[in-house]
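Take a look at the letters that make up each chain.
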Amino acid sequence: MDRYAPQARFRPLGTEGQASLSRARVALVGLGALGSRAAEGLARAGVGTLRLIDRDVVELSNLHRVALHDESDAEAARPKAVSAARHLRRLRSDLELDLRVDDLTGENALELLRDVDLVLDGSDNFETRLVLNEACLELGLPWVHAACSGSTAVAWALLPGRGACFACQVSEPPPPEKAQTCAVEGVIPPAVGLAVAVQVGEALKILSGREDELLPGPWTHDAWTGRGACFAVPAEPECAACARRSWSWLGRPAGPALQQCGRDAVQLRPASLAEGVDLAALADRLESAGEVEHNDFLVRLELGPERLTVFRDGRVLVSGTSDPGRARGLVATALGT
């Protein structure tokens, strides 16, 4: 407890709350701008176990806004979950880490989240958030949403059975032209820091048994103008998710193509790779097609201005284009799928 004595002297937390943190298991979905900072905050606060879930690899364009990852991680094409764990182990030798280089979807969400106490949302799209909402309702798990775009930060703690769920506020993903995302508006690091500060603060309240002190609803603040608000969201009596428990996202297969927020990249799921990939064999087969790198988690093929990254579970990330048709053509040509 000496390590956490200054924190435990904070009266609302205290030694009992600190002990609760040491026993807690928290899943982080996404280890980019939001999730990497949240993971560091929870590790430093003394949370016992972190499950790190992320589908992506570290890129140089991530580094202006993320924590934990650095240039060496980008150069080595480390999956974000692996990179985050590498740095967190240096930060705290007693931290229990559970790495999942995977894409959380309606098909695997319950499996990935079943045995944790709390979920923190560091995702970058509404589809994943709606899956998280239904999975946490099904499992009775609290979760804390965070998001940022441009200079605006958002955080919201959600407790199943107590107040509104995420679908009460956002029942369907907004059309791309109306979605406020970093792909459209960019993002500045202060907005990320604000969102994560409130998200981790809400997480500490939940994990230490102080749920009565949570903010009343979504919190938002603009890091550029200084304007902010926090408002209560009433539960929708006819909400399909929390009122009727009718799942629209749980069990739904992931879409065949997903554009990456804020990046010139598309994620594909070729049907021919659905059973998984022998990475070593694939790397050997692709040597004549271009410059190839591979590790225990992926194979990367350089194709001039474009790049294919193939993961063990059969996902393919095509960097250098935001056109799903172009991405499919590159994958078909290079992999014969």
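These figures come from a predicted structure and were not determined experimentally.

1. Description of helix H12 (residues 324-335)
No. 1: Between the first and last C-alpha of H12 there are 16 Å, a value that for 12 residues agrees with the 16 Å anticipated at 1.5 Å per step.
No. 2: Of all the positions in H12, only Ala327, Leu330, Val331, Ala334 and Leu335 are classed as buried. Buried residues along H12 cover an arc of 95 degrees about the axis, so they all sit on one side.
No. 3: Taken together, the buried residues of H12 touch strand S10 (265-268), helix H11 (279-286), strand S12 (298-303), strand S13 (306-311) and strand S14 (316-319).
No. 4: Note on H12: the residue one or two positions beyond its end, Gly336, has a positive phi of about 70 degrees.

2. What to know about the side chain of Asn62
No. 1: When you line up the elements, Asn62 lands in the loop between strand S2 (49-54) and helix H4 (71-75).
No. 2: A distance of 2.7 Å separates a polar atom in the side chain of Asn62 from the backbone nitrogen of Glu59.

3. Overview of the sheet that holds strand S3 (residues 96-101)
No. 1: Pairing is mixed in the open sheet, where eight strands are placed in the order S3-S2-S1-S4-S5-S6-S7-S8. In the strand order of this sheet, the two ends are held by S3 and strand S8 (228-230), each with one partner. Mean inter-strand twist for the sheet, computed between neighbouring axes without regard to direction, equals 10 degrees.
No. 2: Both strand S4 (residues 118-121) and strand S5 (residues 143-149) contribute to a ladder of two bridges, which runs parallel. What sits directly across from Leu120, in S5, is Val144.
No. 3: Sheet strands in contact with helix H5 (residues 80-91) are S2 and S3, and its direction is about 165 degrees off that of S3.

4. With respect to the pattern of salt bridges
No. 1: Inspection of every chain in the model, using the stated rule, returns 23 salt bridges.
No. 2: In this structure, the salt-bridge partner of Glu59 is Arg300, at a minimum N-O distance of 3.7 Å. Placement of Glu59 in the loop between S2 and H4 and of Arg300 in strand S12 is noted, with a sequence separation of 241 residues between them. With respect to class, Glu59 is no different from Arg300; both count as buried.
No. 3: Across the pair Glu202 and Lys205 runs a salt bridge, and its minimum N-O distance is 2.7 Å. Here Glu202 and its partner Lys205 are both found in helix H10 (residues 189-207), three residues apart, which amounts to about one turn of the helix.
No. 4: Residue Lys205 is classed as partly exposed on the basis of its relative accessible area of 22%.

About the cut-offs
Residues numbered from 1 in each chain as written. Predicted model: local features only at pLDDT ≥ 70, side-chain atom pairs only at ≥ 80, totals over all residues. Heavy atoms only, no water. Helix = DSSP H or I, 4+ residues; strand = E, 2+ residues; numbered from the N terminus. Expected span 1.5 Å × (residues − 1). Buried < 20%, exposed > 50% of the residue type's maximum accessible area, 1.4 Å probe, protein only. Arc of directions from axis to C-beta. Contact = heavy atoms within 4.5 Å. Polar contact = N/O pair within 3.5 Å; in protein donor to acceptor, adjacent residues only side chain to side chain. Pairing = 2+ DSSP bridges. Axes fitted to C-alpha atoms, helices over the stretch in contact; angles between N-to-C directions. Salt bridge = Lys/Arg side-chain N within 4 Å of Asp/Glu carboxyl O.

Purely geometric stuff here, so don't read any function into it on its own.
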